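One-letter residues, chain by chain:
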Amino acid sequence: MSLRLRLILSYVAVASLVFIVGIVGIITAEQITNSADVIIKSTSPSLTLLGQIEAAGNNMRETVIHHALFRKISAASIEDQEYKDAVDELKTHLEEFKAVTNEPDAYEAIAAAVPDYVARTQHLLDVANTSTQDAELYQAALGIDAAEEVFQSAIDNAITEEQAEFQLNILAAQNTSHTAVAINLISIVLVLGAALALGVLIARRILQPIVQLQTAATRMMNGDYSQRASIGTNDEIGQLSTAFNMMSESIQKRDTDLIAANSVLEKRVEERTKELRVATREAQEASRLKDEFLAIMSHELRTPLNAMLGFQGILLMTAKLDDRSLHMVRRSQANANRLLTLINDILDVSRIESGRMQFVKSNVSLADLIERLQSQMGVLADEKLLKFNVNLDPALPPTIFIDEDAITKIVTNLLGNAFKFTEKGSVTLDLSQKDNNLVIAVTDTGIGIPPHMHDAIFERFRQVDGSSKRTHGGSGLGLAIVQKLAVALNGTINVQSVVGEGSTFTAELPLETVNEAEKVAVS
Ligand code: ADP
């Protein structure tokens, strides 16, 4: 049976119980009304009749004794007409009285008293009509009084009886009503009990499978995917549990697959890690061999180069050469110098990258540094007819504590580029202080650098014009060295440039003024 049908049937059952209570209530109310009816029906006509009898008797006595006969007795002078009217009235009342007491429901005692009463009244009338003796009349009237007393006591008895019956009826009606109320209460309690039992039963039937399902779901949530819901009903909860079981089955399967895949992956990772370790070892070995090779090669290259440069210098100073030979010696000297610079640059990059470059800080006089740069770069400025400006911020300390070789390399590389890529205008070196940093800014009015190359030019061997026909010489290592040195000194370097207008390279290095010499190995 489906859950919905079960719920609907339960509601119908509860409604039926409520309906039964209602019916019982209606029936008992009917009973109460019936008994009240019985009381009213049985009591009111009797009381009405008794009232009527009493009223008729009273009227008669009133007329007989007070208005007429006693007057005749006590005052013989009363008009005859008045007396006649009184007698007529009495007759009428007598007839009325007879009529009332002749009713079939009239009480026995009253009925028994009536003939005597009527006879005595008749006798009074007869005496009044025939006799002139006041004494006779008086006796007849006394007879009526006696009859009336009997009659009155009969009426009183009848009323008392009636009232007693009335009381009994009321008691009976009260009992009926109490019974009806008790029945009502009992049926309400029974129905409530039945509804409660039904509710508990339904709740248990509906909740039990849900609780089972929830327990299974909680266990599954905690990682136990072997959980299955054991609900064998065909209702919605049964369908839900079937779906749940299918879901947990597929999760369990996926879980098993995942574990298998994971172990395969772990194995692969292990293998790859092993390979990687081997590769790293090989790479480290290769790097060591490369460094060794570079060191040997640079030594091997620099020794003959230095010898060549030495001989070329001697040649230029001492030998009498013709113009062509002079030109050739100078060109070979320039090429030897370029080769030496290239070798030195490659060695520098290699040493900084491998962390083998040693930085030795010392007190460097800014004025001396500027003087050296001016004499070194002044030649280039003069050659190209460029203006070379140097501005030193007076706020800067006269000496700074820094690696002299590194700062010299940074500034000469930047100035060398500025002069190389500027054909007219000026090159300016600004040394200033910002926060706790030394700011080195080299500005030129040269060819500028396109925006997409602003980052790339700091990489090794990257040049804006990388073609074989480029007009400017250079290895493409200068800015890479500058950036690596700036970073090694805990500083930064950046460029701002507009093509055709010029460039500004700004290096910021931590400003130290400590006088102690210390050796810092940058790893
Ligand atoms: P290079 O030996 O080629 O000068 P660098 O690393 O010093 O190598 O510079 C890389 C490239 O950056 C240069 O080839 C040039 O294209 C560009 N560059 C560097 N400085 C300037 C500058 N002041 N003005 C224009 N271009 C510049």
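Let me sum up the structure you'll find in this document. What you see is a predicted model, and the numbers here were worked out from it, not measured in a lab. (Residues numbered from 1 in each chain as written. Predicted model: local features only at pLDDT ≥ 70, side-chain atom pairs only at ≥ 80, totals over all residues. Heavy atoms only, no water.)

Okay, the overall build of the protein next. When its secondary structure is counted, the protein shows nine helices and eight strands. The buried share among the 523 residues of the protein stands at 33%. For the protein, long-range pairs separated by at least 24 residues make up 73% of all intrachain contacts whose partners lie at least 6 apart in sequence. (Helix = DSSP H or I, 4+ residues; strand = E, 2+ residues; numbered from the N terminus. Buried < 20%, exposed > 50% of the residue type's maximum accessible area, 1.4 Å probe, protein only. Contact = heavy atoms within 4.5 Å.)

In the vicinity of the ligand, 20 residues are found, and the nearest of them are Asn417, Lys420, Asp444, Gln463 and Leu479. Between the ligand and the protein, one listed contact pairs an oxygen atom with a side-chain N or O atom of Asn417 at 2.8 Å. Taking Lys420, its side chain carries an N or O atom lying 2.9 Å from an oxygen atom of the ligand. In the complex, the protein chains occlude 96% of the 530 Å² of accessible area that the ligand would expose alone. The site holding the ligand turns out to be the largest pocket. Looking at the shell around the ligand, the elements that each hand over two or more residues are helix 8 (404–420), helix 9 (478–488) and strand 7 (502–510). At three residues, the largest contribution of residues to the shell around the ligand is made by helix 8. Its residues assigned to classes, the shell around the ligand comprises nine nonpolar, eight polar and three charged. (Near = heavy atom within 4 Å. Polar contact = N/O pair within 3.5 Å; in protein donor to acceptor, adjacent residues only side chain to side chain. Areas by Shrake-Rupley, 256 points an atom, 1.4 Å probe, with all protein chains shown as cover. 1 Å grid on protein atoms, 1.4 Å probe; cavity = no way out; pocket = protein on both sides within 12 Å on 5 of 7 lines; lining within 4 Å. Sits in = over half its atoms within 2 Å of the grid points. Nonpolar A, V, L, I, M, F, W, Y, C, P; charged D, E, K, R; others polar.)

We now examine the pattern of salt bridges. For the structure shown, the criterion picks out 10 salt bridges. One salt bridge connects Asp257 with Lys253, and the closest N-O pair in it is separated by 3.3 Å. Taken as a pair, Asp257 and Lys253 lie in helix 5 (residues 236–318) at a separation of four residues, close to a single helical turn. A relative accessible area of 42% means that Asp257 is categorised as partly exposed. Judged by relative accessible area, Lys253 falls into the exposed class, the value being 54%. Residues Glu404 and Arg372 are paired through a salt bridge, measuring 2.6 Å at the closest nitrogen-oxygen approach. In this pair, Glu404 sits in helix 8 while Arg372 sits in helix 7 (residues 366–383), placing the two residues 32 residues apart along the sequence. Overall, Glu404 belongs to the partly exposed group, its relative accessible area being 31%. What you see here is one network of salt bridges that share partners, running through Asp348, Arg351, Asp405 and Lys409. (Salt bridge = Lys/Arg side-chain N within 4 Å of Asp/Glu carboxyl O.)

Ordered in space as 2-4-5-7-6, the five strands form an open sheet in which the pairing is mixed. Each edge of the open sheet is held by one strand with a lone partner, namely strand 2 (387–392) and strand 6 (492–498). On average, adjacent strands in this sheet sit at an angle of 15° to one another, irrespective of strand direction. In terms of strand pairing, strand 2 meets strand 4 (residues 426–434) through six bridges, oriented parallel. Bridging across to strand 4, Phe388 finds its partner in Val427. Against the sheet, helix 7 makes contact with strand 2 and strand 4, and its axis sits at roughly 170° relative to strand 2, the strand it touches most. Its contacts with the sheet put helix 8 on strand 2, strand 4, strand 5 (437–444), strand 6 and strand 7, and the angle it makes with strand 5 is roughly 20°. (Pairing = 2+ DSSP bridges. Axes fitted to C-alpha atoms, helices over the stretch in contact; angles between N-to-C directions.)

So, on to the nonpolar core. Burial of nonpolar side chains together is a common tendency in soluble globular proteins. Counting 49 residues, the largest nonpolar core has Leu415, Leu429 and Ile440 as its most contacted members. With eight residues, the top contributor of residues to this core is helix 8. Other than its neighbours up to four places away in sequence, Ile440 contacts Ile407, Val411, Leu429, Asp430, Leu431, Phe505, Thr506, Ala507 and Leu509. Counting residues in hydrophobic clusters, the runner-up holds eight residues, among them Phe97, Ala147, Phe151 and Ile155. (Core = buried A, V, L, I, M, F, W, Y, C linked by side-chain atoms within 4.5 Å.)

Turning our attention to the layout of surface pockets. In this structure, the largest pocket encloses a volume near 1,300 Å³. Lining the largest pocket are 43 residues, with Asn417, Lys420, Gly473, Gly474 and Ser475 positioned closest to its centre. Among the secondary structure elements, those contributing two or more residues to the lining of the largest pocket are helix 6 (323–354), helix 7, helix 8, helix 9 and strand 7. Tallied by class, residues from the lining of the largest pocket come to 14 nonpolar, 19 polar and 10 charged. (Points joined across faces, edges and corners; volume = space filled by probe spheres on them.)

Our next topic: a nonpolar patch on the surface. A cluster of nonpolar residues, Phe19, Ile23, Ile26 and Ile27, forms a patch on the protein surface that exposes about 400 Å² of accessible area. Locating Phe19 in the fold gives a position in helix 1 (residues 3–74). (Patch = residues over 30% accessible without salt bridge, like charges linked within 9 Å, V, L, I, M, F, W, Y side chains within 5 Å.)

This part takes up the pairing of strand 3 (residues 399–403). With four of five residues buried, strand 3 lies mostly within the body of the structure. Alignment of strand 1 (residues 358–365) against strand 3, held across five bridges, turns out to be antiparallel. Looking across to strand 3, one finds that Ser365 is bridged to Thr399.

What follows covers the side chain of Thr422. Tracing the backbone through its elements, the reader meets Thr422 in the loop between helix 8 and strand 4. When near neighbours in sequence (up to four residues on either side) are disregarded, Thr422 contacts Lys384, Leu386, Val427, Asp444, Thr445 and Gly446.

Turning our eyes to something else, we now look at unusual backbone geometry. Not every positive phi belongs to a glycine, and Leu385 is a case in point at roughly 55°. Inspection of the secondary structure puts Leu385 in the loop between helix 7 and strand 2. The exposure class of Leu385 is exposed, given its relative accessible area of 74%. With a phi close to 65°, Asn490 is a non-glycine residue in the positive phi region. Along the chain, Asn490 turns up in the loop between helix 9 and strand 6. We classify Asn490 as exposed; its relative accessible area is 67%.

Glancing now at the packing of helix 8 against helix 9. Contact geometry of helix 8 with helix 9 gives a least axis separation of 9 Å together with a crossing angle of 145°. Here the hand of the crossing between helix 8 and helix 9 comes out left-handed. Between helix 8 and helix 9, the contacting residues are Ala406, Lys409, Ile410, Asn413, Leu414 and Asn417 on the first element and Gly478, Leu479, Ile481, Val482, Leu485 and Ala486 on the second. A per-class count over the contact of helix 8 with helix 9 returns eight nonpolar, three polar and one charged. (Left-handed = near helix turned anticlockwise from the far one by under 90°.)

Here we come to the packing of aromatic side chains. Any aromatic ring pair is given by two values, namely how distant the centres are and how the planes are angled relative to each other. Considering all chains together, one arrives at two aromatic pairs under this definition. An angle of 75° between the planes, with centres 5.3 Å apart, marks the rings of Phe388 and Phe419 as edge-to-face. You can see Phe388 sitting in strand 2 and its partner Phe419 sitting in helix 8, a full 31 residues away along the chain. In terms of burial, Phe388 and Phe419 fall into one category: buried. Where Phe458 meets Phe505, the ring centres are 6.2 Å apart and the plane angle is 70°; that geometry is what we call edge-to-face. (Phe/Tyr/Trp six-rings, centres within 6.5 Å; stacked < 30°, edge-to-face > 60°.)

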